[in-house]
Amino acid sequence: MFRLFPALLLGLAAIIAHADEVVVYSARNEQLIKPLFDAYTQATGVAVKFVTDKEGALLERLKAEGANTPADMLITVDAGNLWQAAQEGLLKPVSSKTLAANVPVHLRDPLNRWFGLSLRSRTLFYNTRKVKPADLSSYEDLGNPKWQGRLCLRTSKKVYNQSLVAMLIAQHGEAQTEKIVRSWVANLATDPFSDDTKMLEAIAAGQCDVGLANTYYYGRLMEKFPQLPLALFWANQAKGQGGVHVNVSGAGITLHAKHPEAAVKLLEWLSSEKAQNLFADANLEFPVNRKVRPAAAVAAWGKFRQSTLNLAKAGELQVAAVKLMDRAGYK
Ligand code: FE
C-alpha cells in the first residue's frame, strides 16, 4: 500500500510537468527557432508554443495585452530592442546562476531582464581587388580622407547602426562621435542602403570599397557566391581601440508570464552548451557561451577582440545616437 505512494507521486509529477508549457513571442523567424524548441520538447516533455512577428508588432502586442498576455518569453535581436522592451516594463528580472555563468556580463542586462543568446559583430568589409587589409584599422578611420567617395553605409534608421553609434558615444563621448559620423558622411560613395546585403553587394560590385555590416549577412552572401571579391576585417583590434562592436539576439521573461519557472528553465537551456550551437549556427552567429565553439564557417573568419562595454549602453544612448546621426546628415 505504502509502496504505491511514491509511484503515485511520480505519476502526479509527470502530469504536472506535462501540463507545463512555455509561450514565446519571437522576432526571430520560425526557421531559426523551431528546431531549438523541438529539441527542448524532446528533451524535457515541455511544449513550446510560439508566435513570430516583427519586433515592433510584438512589443505593441505585449503592451496591449498587459497582464492578460499569454507570452512567457520575448526573443528578439539587438540589445537596443531588448533594452527598449525592458525600459517599457515588459520584462522581469531573472536571478539565475546558470544564466550568470553562461552569458558574459557585457552581453546581458545589469538588472537581469534580458540575456544575449547569440552574438554577431558589426565590422568592416572590403573589396579585395581594391583594398588591402593593411589599409584598414577602425570605425573611426573610415572617416579618413583616403576613403573619400569609397565608403558605403546602411541607413541610420536601422537599429544596428543606432546601437553601433550609441556604443561609440559610450566609448568616445558625443562630441567626438559626432565628428566621426560627420567624417563618414563626407566619405560616402552613394546614399545609404536599405539593408546590409545590398551594401555588401555594392562593395563586391565595386560601387564602393569599404563598409559596415553584420557578420552573418556576409556569411550568407559568401555561402551563395563564394567567388565574390569581398572580405571581412575585424575593426579596432589594436591596443586602446576598444575592440570590435558586437551585439546579440537574446531573450527575457515577460512581466506577466503565466509559466515563469518553466520559461526560466527554457531560457537557461537556450544558454547551455547543448543548445548554443543550435541557436547560433543556424544564422551563422557566434555562441555567447564561451565553452561552445562557433560553426566551422564562422570560426574561419578568425579570432577577434570584442568590446566589453555593457550592451545596455546601446539602449541607454539610442536616442542620443539617433539625434547625433540626424545632426551629422547621416540619412
Ligand atoms: Fe539582421
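Residues numbered from 1 in each chain as written. Predicted model: local features only at pLDDT ≥ 70, side-chain atom pairs only at ≥ 80, totals over all residues. Heavy atoms only, no water.

Engineer: Explain the side chain of Ser156 residue by residue, including any values.
Structural biologist: Take Ser156: it is sitting in the loop between β6 (151–152) and α6 (159–172). On the basis of relative accessible area, Ser156 is assigned to the buried category, the value being 6%. Side-chain polar atoms of Ser156 contact the backbone oxygen of Tyr330, separated by 3.0 Å. With near-sequence residues (within four places) excluded, Ser156 lies in contact with Asn161, Gln162, Met325, Tyr330 and Lys331. (Helix = DSSP H or I, 4+ residues; strand = E, 2+ residues; numbered from the N terminus. Buried < 20%, exposed > 50% of the residue type's maximum accessible area, 1.4 Å probe, protein only. Polar contact = N/O pair within 3.5 Å; in protein donor to acceptor, adjacent residues only side chain to side chain. Contact = heavy atoms within 4.5 Å.)

Engineer: Could you give an account of the coordination of the iron ion, naming the residues involved and the relevant values?
Structural biologist: Coordination of the iron ion by the protein comes from Tyr160 (OH), Tyr216 (OH) and Tyr217 (OH), over a distance range of 2.0 Å. Motif for the iron ion, donor spacing along one chain: Y-x55-Y-Y. Of the residues examined, Tyr216 reaches a relative accessible area of 2% and is grouped as buried. We classify Tyr217 as buried; its relative accessible area is 13%. (Donors = N, O, S within 2.8 Å, 3.2 Å for Na, K, Ca; no water.)

Engineer: Summarise the state of the cysteines; cite the residues concerned and give the values.
Structural biologist: Evaluation of the coordinates by the stated rule reveals one disulfide. Here Cys152 pairs with Cys208 through a disulfide, and the sulfurs are 2.0 Å apart. One disulfide, between Cys152 and Cys208, carries an S-S torsion of -100° and so falls in the left-handed class. Residue Cys152 is located in strand β6, and its partner Cys208 is located in the loop between α8 (196–204) and β7 (210–214); the two are separated by 56 residues in the primary sequence. (Disulfide = S-S within 2.5 Å.)

Engineer: Tell me what's going on with the packing of aromatic side chains, and back it up with residues and numbers.
Structural biologist: Summed over the entire model, instances satisfying the criterion amount to ten aromatic pairs. Aromatic pair Phe37 and Phe50: ring centres 5.7 Å apart, planes at 50°, arrangement tilted. Highlighted residues: Phe37 in helix α2 (residues 30–44) and Phe50 in strand β2 (residues 47–52), separated in sequence by 13 residues. Here the aromatic cluster, defined as three or more aromatic residues joined through ring pairs, consists of Phe125, Tyr218, Trp234, Phe286, Trp301 and Phe304. The lysine or arginine in question, Lys158, covers the ring of Tyr160, its NZ or CZ lying 4.5 Å from the ring centre. (Phe/Tyr/Trp six-rings, centres within 6.5 Å; stacked < 30°, edge-to-face > 60°. Lys NZ or Arg CZ within 6 Å of the ring centre and 35° of its normal.)

Engineer: So what's going on with the pattern of salt bridges? Which residues, and what values?
Structural biologist: One pass over the full model with this rule turns up 19 salt bridges. Residues Arg61 and Glu65 are paired through a salt bridge, measuring 3.3 Å at the closest nitrogen-oxygen approach. Within this pair, Arg61 and its partner Glu65 are both found in helix α3 (residues 55–65), separated by four residues, close to a single helical turn. A salt bridge links Glu88 to Lys63; the shortest N-O distance between them is 2.7 Å. One end of the pair, Glu88, is in the loop between α4 (79–87) and β4 (91–92); the other, Lys63, is in helix α3, with 25 residues separating them in the sequence. (Salt bridge = Lys/Arg side-chain N within 4 Å of Asp/Glu carboxyl O.)

Engineer: So what about the environment of His256? Which residues, and what values?
Structural biologist: Mapped onto the fold, His256 is located in the loop between β9 (245–254) and α10 (260–270). Residue His256 is classed as partly exposed on the basis of its relative accessible area, which comes to 34%. Considering only alpha carbons, one finds His256 and Ala297, 41 residues apart in sequence, at a separation of 40 Å. Non-local contacts of His256, meaning those with residues more than four positions away in its chain, are made with Gly66, Ala67 and Thr69.

Engineer: Please provide a residue-by-residue account of the packing of α6 against helix α14 (residues 318–327), values included.
Structural biologist: Any two packed helices are characterised by the angle at which their axes cross and by the distance between the axes. Axis separation between α6 and α14 bottoms out at 8 Å; the angle between their running directions is 100°. It follows that α6 is roughly perpendicular to α14 by the angle criterion. Counted together, Val159, Asn161, Gln162, Val165, Ala166 and Ile169 of α6 and Gln318, Ala320, Ala321, Val322, Leu324 and Met325 of α14 form the full contact between these two elements. By residue class, the composition of the contact of α6 with α14 is nine nonpolar, three polar and no charged. (Axes fitted to C-alpha atoms, helices over the stretch in contact; angles between N-to-C directions. Parallel < 35°, antiparallel > 145°, perpendicular 65-115°, else oblique. Nonpolar A, V, L, I, M, F, W, Y, C, P; charged D, E, K, R; others polar.)

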